[in-house]
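# Descriptive structure summary
Here is how the chains run, residue by residue.
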Amino acid sequence: IIMSFERLIVCVDTSSSMRKEKKLTNAKKLLLEVVSAFGCETKYFKFEKAPEQLKSKEAFRNLKHGKGTRIEYTLKQLFSNHFRKWAHEGKNTKFMFVTDAEDNISDEASVIEAKGKCINAYGGKLDCECVLTGGGGGCSAELKRIFGSNAFQHCSDQDFQQ
């Protein structure tokens with residue numbers, strides 16, 4: 001069931017590890033299907049070392065692989081800075097974060113705190129979800145704790161390839 005959201009924010013990992021098993025291709029395909037299903041205003045982000053907002057759906061569709069990744073830094077930046085500029089608008093917002101979790105998170109508590117403060121700034125109108133793609137290694141356990149019951153393991157990439 002898709003709730004009534006006025007804004008969708010999608011963020012995809014474009015690090016080099018996302019090249020393996022078509023993870024980036026599959027992540028973009030999944031997110032574009034979600035964008036289509038939601039049919040509302042959408043903000044697009046990608047990240048490697050830091051989050052970067054993209055100008056259009058076309059720019060998102062044409063994303064290529066980059067280099068390393070900093071998941072912890074990216075989440076803190078998104079929750080503490082990027083998302084805050086829209087909080088005052090009071091829009092019911094859905095955030096989807098897609099990664100293969102090939103990284104380490106050393107300060108899980110600070111990410112949880114930043115997320116909580118951001119949700120409060122939105123007056124509770126920010127729903128956050130994490131989609132884990134690939135083998136579920138790296139920091140997937142930390143991401144499951146950060147996102148709680150809204151952390152999902154994506155179906156295996158082999159099965160999802162089209």
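Residues numbered from 1 in each chain as written. Predicted model: local features only at pLDDT ≥ 70, side-chain atom pairs only at ≥ 80, totals over all residues. Heavy atoms only, no water.

### Some remarks on the overall build of the protein chain
Along the backbone of the protein chain there are seven helices and six strands. Mapped from its N terminus to its C terminus, the protein chain presents α and β elements in the order β-α-β-β-α-α-α-β-α-β-α-β-α. Against the compact-globule benchmark of 15 Å for 162 residues, the protein chain has a radius of gyration of 15 Å, which places it among compact chains. The burial tally for the protein chain puts 52% of its 162 residues in the buried class. For the protein chain, the proportion of contacts with a sequence separation of at least 24, taken over those separated by at least 6, is 74%. Between the centroid of the 26 positive side chains of the protein chain and the centroid of its 21 negative side chains there is a distance of 5 Å. (Helix = DSSP H or I, 4+ residues; strand = E, 2+ residues; numbered from the N terminus. Rg over C-alpha atoms; globule rule 2.2 N^0.38 Å. Buried < 20%, exposed > 50% of the residue type's maximum accessible area, 1.4 Å probe, protein only. Contact = heavy atoms within 4.5 Å. Lys, Arg positive; Asp, Glu negative; His and termini not counted. Charge placed at Lys NZ, Arg CZ, Asp CG, Glu CD.)

### Here's the deal with helix H5 (residues 108-121)
When the terminal C-alpha atoms of H5 are compared, their 20 Å separation across 14 residues agrees well with the 20 Å that a helix rising 1.5 Å per residue should span. Inspection of H5 places Glu108, Ser110, Val111, Ala114, Lys115 and Cys118 among the buried residues, and these make up the whole buried set. Burial along H5 is one-sided: seen end-on, the buried residues are contained in an arc of 165°. In H5, the exposed positions angled more than 90 degrees off the buried face are occupied by Ala109 and Asn120. Packed against the buried residues of H5 are helix H3 (71-82), helix H4 (84-87), strand E5 (126-132) and helix H6 (140-147). (Expected span 1.5 Å × (residues − 1). Arc of directions from axis to C-beta.)

### Considering the confidence of the model for the protein chain
Confidence along the protein chain averages 90 in pLDDT terms, with 92% of residues attaining 70 or more. In the predicted structure, residues 156-162 sits below a pLDDT of 50 and forms 15 contacts with residues beyond four places in sequence or in another chain. (pLDDT = per-residue confidence, 0-100.)

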